[in-house]
2 protein chains.
Amino acid sequence: MLDSHPITSGNPKDQTNTPLKFVYDFSEGNKDLKDLLGGKGANLAEMTNLGLPVPPGFTITTEACRAYLADGAEPPSLRDEVSAHLATLEATMGRRLGQEDDPLLVSVRSGAKFSMPGMMDTVLNIGLGDRSVRGLARRAAAGQPAGGEAAAERFAWDSYRRLIQMFGRTVLGVDGELFEDAIDDAKLAKGAADDLDLDAEDLRALVEVFKEIVRREAGREFPQDPREQMDLAIRAVFDSWNGDRARLYRRQERIPGDLGTAVNVCSMVFGNLGPDSGTGVAFTRDPASGHQGVYGDYLANAQGEDVVAGIRNTVPLAELEHIDPASYDQLLSIMETLENHYRDLCDIEFTIERGKLWMLQTRVGKRTAGAAFRIATQLVDQGLIDMDEALTRVNGAQLAQLMFPRFDLAALAEHGGEAKHPRIAWGIAASPGAAVGKAVFDSYTAVKWSRSGEKVILIRRETNPDDLDGMIAAEGILTSRGGKTSHAAVVARGMGKTCVCGAEELEVDTKRRRFTAPGGIVVEEGDLVSIDGSTGKVYLGRVPVVASPVVEYFEGRIRLPEQTPVAGPEAGPATAGVTGPTTGSAVDPGADQPVADELVTAVHRIMNHADAVRRLAVRANADTAEDAARARRFGAQGIGLCRTEHMFLGERRELVEQLILADGDEERAAALEALRPLQREDFRGLFRAMDGLPVTIRLLDPPLHEFLPDITDLSVRVALAEARREPQENDLRLLQAVHRLHEQNPMLGLRGVRLGLVVPGLFAMQVRAVAEAAAEHVREGGRPRAEVMIPLVGTVQELEIVREEAEAVLAEVRAATGEELEVALGTMIELPRAALTAGQIAEAADFFSFGTNDLTQTVWGFSRDDVEASFFTAYLEKGIFGVSPFETIDRDGVGALVRRAARDGRATRPDLKLGVCGEHGGDPDSVHFFHEAGLDYVSCSPFRVPVARLEAGRAALAERRAAAAVGLAAERVTTA
Amino acid sequence: MLDSHPITSGNPKDQTNTPLKFVYDFSEGNKDLKDLLGGKGANLAEMTNLGLPVPPGFTITTEACRAYLADGAEPPSLRDEVSAHLATLEATMGRRLGQEDDPLLVSVRSGAKFSMPGMMDTVLNIGLGDRSVRGLARRAAAGQPAGGEAAAERFAWDSYRRLIQMFGRTVLGVDGELFEDAIDDAKLAKGAADDLDLDAEDLRALVEVFKEIVRREAGREFPQDPREQMDLAIRAVFDSWNGDRARLYRRQERIPGDLGTAVNVCSMVFGNLGPDSGTGVAFTRDPASGHQGVYGDYLANAQGEDVVAGIRNTVPLAELEHIDPASYDQLLSIMETLENHYRDLCDIEFTIERGKLWMLQTRVGKRTAGAAFRIATQLVDQGLIDMDEALTRVNGAQLAQLMFPRFDLAALAEHGGEAKHPRIAWGIAASPGAAVGKAVFDSYTAVKWSRSGEKVILIRRETNPDDLDGMIAAEGILTSRGGKTSHAAVVARGMGKTCVCGAEELEVDTKRRRFTAPGGIVVEEGDLVSIDGSTGKVYLGRVPVVASPVVEYFEGRIRLPEQTPVAGPEAGPATAGVTGPTTGSAVDPGADQPVADELVTAVHRIMNHADAVRRLAVRANADTAEDAARARRFGAQGIGLCRTEHMFLGERRELVEQLILADGDEERAAALEALRPLQREDFRGLFRAMDGLPVTIRLLDPPLHEFLPDITDLSVRVALAEARREPQENDLRLLQAVHRLHEQNPMLGLRGVRLGLVVPGLFAMQVRAVAEAAAEHVREGGRPRAEVMIPLVGTVQELEIVREEAEAVLAEVRAATGEELEVALGTMIELPRAALTAGQIAEAADFFSFGTNDLTQTVWGFSRDDVEASFFTAYLEKGIFGVSPFETIDRDGVGALVRRAARDGRATRPDLKLGVCGEHGGDPDSVHFFHEAGLDYVSCSPFRVPVARLEAGRAALAERRAAAAVGLAAERVTTA
């Protein structure tokens, strides 16, 4: 999850009228210019300025890309700027692009603001041609021991082969398989097992084959002009921004589609110049656990792409200490520099060219959810950051992920040497979580099965960007090759999907749709497997899962070093504030509880800080006393939505049927009277569970026919009975009622306040039950704080009528019981008209609760039941929206109405309480929006309460920081 | 139909901080203070200041009423103000209220801003008591010839009797029937036929009976304190503002519910002091025809209420010339004064007290629709008003009424003395129109039958406010008693309902639910009758109807004295402007056409003026060439909405079914290909009919399952067939598709642009058909101006994708045909989100057309199909809205979105064309709103086009006048 950001170029030239500067030397940028230079370019600049060994180069800005995409052509000044920077680079390096005797080679790499692994294209070795390849060979051999010529020759032709292959595929659109097949053919012809077994002559022949492939497939010669190579590669990077896979990834990650990418042109260094060369990736800490140490992979005599693609198996980074101790020490020192400089976990790509270490890339590294919390608190303890900063380093999506259940260790224990769920492999724990599903072996099947409701595990030898669809559809991903930095691992972590990679014991046969595990175990497509992304273990069958320790902590079943009360807003003055999870009323803090581990402690500390800084209160949507109690343990500060219709189901459905079929006022009144004591007990349970906290009770909302059988089913039943000449009296009577109440569009029919106005006594009964339950709870020493919510109001007149009736009932109950009752009367704002006339409606409402689900349905004209199945997939695929508006609030449409209604409502009644009770209340992005819109609270499902608390804290912090930035800017202006 | 007005008190004191003045003497007001003094009070003041003989009195303001209704008690200063004005009145009249030897009597009458006949309550003779009744008798006898004492005595007791009766009923809430029964008993006991046969002694006894009725029913004595009588009566008038009937009338007439009523306290004059006294009503012209002359009714020796209630039959006003020539001459002179002063038809209530004429009331009189047009042009010809003013004197509702069909005279002609539809009565033509329906004899049945779809004629001896529901439900009203000013006549004219009243030949027996006509004809409940409100004739059976002459005029089948082209906006420059009705292309102006009568000429002149002043263009919603041609004859300046789904019905349904059931791209493409030539022909017909004018074609909008059988019907059919073991293959296949496409809420499902994005080729086919039809029409020398409209857009991305596809198709057709085609691409704004993001959507739209039907459905969350049946009646009854938002646009909700979208859309694209194609386009109030919102055109059904043209003219005029008023005020400020 990434916050969406407005496009600001960050280009200082934006302030003036001078033409935009489209190219920056690495020495001109810094890490804060990500909008302009992309993440990779900004960090290359930062490292350059830190004095780290970065190969010289320059970055073409995202603005150039945006101009290209808008106009369909490069901006006119770009060519000259590139020429100027290239000339500088050539001067620095002492050789020219394409220089025959000693060619300057460059890489052309994409680099967007947000890291998009595998999405964008890279071309290495730009600058090579039929002539300069020989110059490169000579230069590579120079100064080498005798016999080095053959290796140098091989290196040069291999570099040329790679260039044609990458250029052909990414720039000219040639199918990459053709090149791979040609390599295989060459190896086969020679009986070679490995690429390294191909010698210079083989590679030279392969170059000719590759050129022929290009000629045939692309309809043009591979360009010999090195500048043309570079320009075409730059353009290809620009174009790749709008490639299908890139767009899909952006939608998945909520990255705006109009940012564009920067292009980095960097002088080549070579990890494939022999055994004293190599390439690797490193993390400053373990991205899975957060622990400090040396984490990474190294591959000798290879180019960087070989590591990331997971094609050859790497060695652990620690082994570099033995291979090249000097470079190893230098790397460790650089890693320390970077972590202290970035004050965060960094990941690094490096190359060693003949014993010289070069930094090719760094960035703040991706990490697992657990590591995010751990690292944040570790950095606080190291004094590198404060708690505010720690809060910004985690997010609700990560917290949600930590709350997923895990595999039940007991179920996995072996009984007499026989495991119920045999472990069939142990791979690399690449992305945590416990996933169970049916084995599928290709992306297409994964998507198809998942659409039909199956849970699947996508199993591949290794993944590549073509598997993205399948990865999105799957519960988890399992590969037999590649390390923690392989495509599968990186992408899965970004998605928060469970992933085990590099399970080398498995032989994956995608053609026959099965894999074989040690011991001859064969898993066919459709067989159940369970994968544990936290341990890397793979099991046969469905392993039972247990709650996460973080949930155990929220439930109060884990003892903490300290016990701090939650100091959030909206804690009623009569109670001593909402108590922290461990002192929740239903939990007895026994001594035999397990003590929290590092992760739980980190979560606890950060949650406490979020609670301390947030302004938004967090309530829960709960319909039962049990849910309410749990929500309270999770930190809920009240109930934001109790749906009373849920209380009308089960055995009470019969009473509701009586109510609907009632013949006249008397029968209806009798049915209501029968429901009242049941409702009263429901409410009393809620008041007890939320003693001292507000409990929002929504009066009956859905259309009455929802309590009756489906019209089609019943019609068929009646027709068949009649055909058999056995008509059922009751069915006939029911069918009559069903016909009477049938609606074309029940969402927009007789429901909510409309029901209350049309069915005499219905709302009065519910209000009476609320009031009586409150009175009883007062008598038993409690403090009930009822908020009665009238749904589906469209105009203030509706509310006035119901309010009048409700106030009369409340007055009666007050008089009858002698108790003072706290009962607020408010309304849902869930129709556009309610939002548009909120200023009028506030005259009759003590509070508003935004029903953003229904508001989304009416603002967009979407019936959620229908559209998610019928065209949402197409809409997401076409990029019409990046994320379903039912998941994250639509700021421009629904959001505009929420802001307007909040403003108009408060203008009428400054003390109007504003909340939201749609599902958006538990969505991180949406919580930020509701904070910005000035709401008092969000309400969400109990399980999302911690997420909302965390995000509410982050939103408050973001606002404070934005204000500080504005203040700082203002100060700067004042000083200047 | 009344325009809604904001509440402005008009009270000059409003500008300052001094307390409000709640009471105005008649001499203090004027006719422009209707907001403050009510219509009656303002006009009484005006007449007083004109020097006309008005009995002295004062008016309590509507502000006092509003304060009373808001607080539940009279404003504190009101009592003193009333006392002061009463003292002045007593000084003027030389006697005091309740003075025993010579009591001042007053009437207390309601008087709201808008006349609400029969709705509000009046009490006469306030000030009488057990003692002063004798003083009144003595004063009435004074100066009278001998023997006058008995008559005076009778008069005094009759007055007292009337006071107790009216006071008891309207102030104390006693059932009026009880008093009537007591009178009947008294008459029965004495064998009297008429009230006049009761003598003073009888009436004194009746007074005692009445007082006993009050004591028993109201639980209190009839108040003897005259001031208490007055205060209670004033309060009763205030209260009656919120009586059920008054509220229902206001909703029916769209009078805002919060205006309040004024109260007029007027010294009594008596029309029942003997044969030289009397009372009457008069019109300055015939309210049915507009002709000048002496129109009205007179009733000797009676109080005013007797005339209005229609209890006794009146004599024509002309007879007053013989009864009291002096008063008659004076009345005619006053009528001329009033008409010249008000520059309009006035109606008048007057009383003659012993030969002295008193004006009790005047107002601009109600009139029939035809009379409104006639009178407006007559006044222009008299030089009293100009054409602008004439335009304000008529409205679209009246025009619509004139367009109703009338009875076919041929069908009514007698054949050999045998009429096919015998005329069974000839009453008073009280409200024009031709109504046919089943006879019903009470309001309850009228409502019940009408709800089940029956057309009914409500037949009563006379109507009273309790019949209002039935009158609303009925096609027409027929009474056997009462004149043109009876309750039935006045209310029916206000409603635009056909009414024949005073058909004295009929014996109406409401108990046996039938009436008897001369010749022993008996009409039972349920028998068909036809009533002609323009002639007063009543026929047996269903008389065929023919078009109105106004429609004949619009159709060009009536020759006019002059032929002026319509000079409205939006006439394309390539054509010579939209031609007037009589030169419509399809009509041959033959010499044998009838020449227009006065009414048609009046309509023609006013329509021409409306066309000359309006800014809004008027288009029609038409799906066929025939409709389009007709619309053009009616003055439509293009097609604002062609619903292409209507072209998918009938025999083409099979092709649509093929499209839906298509298995794969090929079958689908084939089905689309089969539809394309049919669509092309449809469009060509439209382009021909609207040559040179814009034709807006909406791409397919409804969900596809609308073209398939109903899911329940089909399920039952399939189940029964299976039970019989005779499954139908095709039904099974259909049922599968129906299930696949079934939606919970089809209104909010897969339709509009969503279909276009999900069904490949659908929209492209339609766009291609449009383009090809346009190209063909160009080739045949025409000028097609196509506007392709994409429905249900919620976000600009949807529109961009469809636009791109459509532009590609247009380019292809342009290239293929070599024709330059005018095809604009725009969208419906029919979802709240479209309105909220109109600024973005305008980037991809050449025009917006507001779909206010769907916008109303989504803004309110109403499914029209469902809610109008299930709760709209309850909502109207409860006053939640005064008029259905589907009828007149909801300004606060839907209107707010329309204004916002218009503003934002034009901000993005200043030349954005804005129109509306919902049914509101033909609703008078809504047309005014669309004018104010700055739209370019409205589009409505062909038949409503003239109404929209007229109202567009009136809206332009209203805006101009408002601007002038602001200018005047500004000038005043500048001068001051």
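- The name that an unreviewed UniProt entry assigns to chain A is Pyruvate, phosphate dikinase, with the source organism given as Allostreptomyces psammosilenae.
- Checking UniProt for chain A, the heading Sequence similarities (unreviewed entry) contains the comment "Belongs to the PEP-utilizing enzyme family."
- Looking at the Cofactor (unreviewed entry) heading of the UniProt record, one finds this comment for chain A: "Mg(2+)".

1. A closer look at the overall build of chain A
Consideration 1: When its secondary structure is counted, chain A shows 37 helices and 33 strands.
Consideration 2: The principal-axis extent of the C-alpha atoms belonging to chain A is close to 105 × 80 × 60 Å.
Consideration 3: Nonlocal contacts in chain A, meaning residues at least 24 apart in sequence, comprise 70% of its contacts between residues at least 6 apart.
Consideration 4: Here chain A displays about 37200 Å² of accessible surface, and carbon together with sulfur accounts for 49% of that area.
Consideration 5: Across chain A, the centroid of the 109 positively charged side chains sits 1 Å from that of the 148 negatively charged ones.

2. Details of the pattern of salt bridges
Consideration 1: Applying the stated criterion to the full structure yields 143 salt bridges over all chains.
Consideration 2: Notably, a salt bridge pairs E74(B) with R235(B), separated by 2.8 Å at the nearest N-O pair. A residue pair is termed long-range when its members are at least 10 positions apart, and E74(B) in the loop between α2 (62-71) and α3 (78-93) and R235(B) in helix α8 (residues 226-240) qualify at 161 residues.
Consideration 3: A relative accessible area of 35% places R235(B) in the partly exposed class.
Consideration 4: Each of E673(A), R676(A), R680(A), E681(A), R684(A), R688(A), E772(A), E776(A) and E780(A) takes part in a single network of salt bridges with overlapping partners.

3. So, helix α28 (residues 762-779) of chain A
Consideration 1: Spanning 18 residues, α28(A) covers 26 Å between terminal C-alpha atoms, matching the ideal 26 Å at 1.5 Å per step.
Consideration 2: Within α28(A), 15 of the 18 residues are buried, leaving the element largely enclosed by the surrounding structure.

4. A short note on the sheet that holds strand β20 (residues 507-509) of chain A
Residues and elements named next belong to chain A.
Consideration 1: The 3 strands are arranged β20-β21-β22 in an open sheet whose pairing can be described as antiparallel. The strands lining the two open edges of the sheet, one partner per strand, are β20 and β22 (521-524). Averaged over all pairs of adjacent strands, the angle between strand axes in this sheet comes to 20°, irrespective of strand direction.
Consideration 2: Both strand β21 (residues 514-517) and β22 contribute to a ladder of 4 bridges, which runs antiparallel.

5. Here we look at the relation of the copies chain A and chain B
Consideration 1: The operation relating chain A to chain B is a screw motion whose rotation component is 180°, with 0.1 Å of axial translation and a residual RMSD of 0.2 Å. Here the transformation between the copies is reduced to the relation of a two-fold axis.

6. Focus: the packing of aromatic side chains
Consideration 1: In total, this model carries 38 aromatic pairs over all chains according to the counting rule given.
Consideration 2: Ring centres of Y298(A) and F350(A) lie 6.0 Å apart, and the angle between their planes is 5°; on these two criteria the pair is classed as stacked. With Y298(A) in strand β7 (residues 292-300) and F350(A) in strand β9 (residues 346-353), this residue pair connects regions lying 52 residues apart in the sequence. Assigned by exposure class, Y298(A) and F350(A) land together as buried.
Consideration 3: Between F554(B) and F634(B), the ring centres sit 5.7 Å apart and the planes meet at 35°, which makes this aromatic pair tilted. With F554(B) in helix α20 (residues 549-554) and F634(B) in the loop between α22 (625-633) and β27 (639-643), the pair connects residues that are 80 residues apart, well separated along the chain. Accessibility assignment for this pair places F554(B) and F634(B) in one class, buried.
Consideration 4: Just above the ring of W426(A) sits the side chain of K537(A); from NZ or CZ to the centre is 4.5 Å.

7. Observations regarding the environment of G556(A)
Consideration 1: With respect to the element layout, G556(A) can be found in the loop between α20 (549-554) and α21 (598-613).
Consideration 2: A C-alpha to C-alpha distance of 55 Å links G556(A) and A236(A), two positions 320 residues apart in sequence.

8. Concerning the side chain of S480(B)
Residue and element names in this part refer to chain B.
Consideration 1: Assignment of secondary structure puts S480 in the loop between β18 (476-479) and α19 (487-495).
Consideration 2: Under the relative-accessibility criterion, S480 is labelled buried at 5%.
Consideration 3: In this view, S480 contacts R460, R461, G502, A503, E504, L506 and V508; residues no more than four positions away in its chain are not counted.

9. Remarks on the side chain of Q361(B)
Consideration 1: Checked against the element boundaries, Q361(B) lands in strand β10 (residues 356-364).
Consideration 2: The exposure class assigned to Q361(B) is buried, which follows from its relative accessible area of 5%.

10. Quick word on the pairing of strand β26 (residues 617-621) of chain B
All names here are of chain B.
Consideration 1: The element β26 is largely enclosed, with a buried count of 5 among its 5 residues.
Consideration 2: Residues of β26 alternate between two faces, with A617, R619 and N621 on one and V618 and A620 on the opposite face, all of them buried.
Consideration 3: Pairing of β26 with strand β33 (residues 937-940) involves 4 bridges; the strand directions are parallel. Residue A620 lies in a different strand from β33, and its bridge partner there is C940.
Consideration 4: Judged from the 2 bridges that link them, β26 and β27 form a sheet pairing that is parallel. Looking at β27, one finds that N621 is bridged to L641.

So, how was this worked out
- Residues numbered from 1 in each chain as written.
- Chains lettered and ligands numbered in written order.
- Predicted model: local features only at pLDDT ≥ 70, side-chain atom pairs only at ≥ 80, totals over all residues.
- Heavy atoms only, no water.
- UniProt positions renumbered as here; feature names shortened; annotations may be inferred.
- Helix = DSSP H or I, 4+ residues; strand = E, 2+ residues; numbered from the N terminus.
- Contact = heavy atoms within 4.5 Å.
- Areas by Shrake-Rupley, 256 points an atom, 1.4 Å probe, with all protein chains shown as cover.
- Lys, Arg positive; Asp, Glu negative; His and termini not counted.
- Charge placed at Lys NZ, Arg CZ, Asp CG, Glu CD.
- Salt bridge = Lys/Arg side-chain N within 4 Å of Asp/Glu carboxyl O.
- Buried < 20%, exposed > 50% of the residue type's maximum accessible area, 1.4 Å probe, protein only.
- Expected span 1.5 Å × (residues − 1).
- Pairing = 2+ DSSP bridges.
- Axes fitted to C-alpha atoms, helices over the stretch in contact; angles between N-to-C directions.
- Least-squares fit on C-alpha atoms with pLDDT ≥ 70 in both.
- Phe/Tyr/Trp six-rings, centres within 6.5 Å; stacked < 30°, edge-to-face > 60°.
- Lys NZ or Arg CZ within 6 Å of the ring centre and 35° of its normal.

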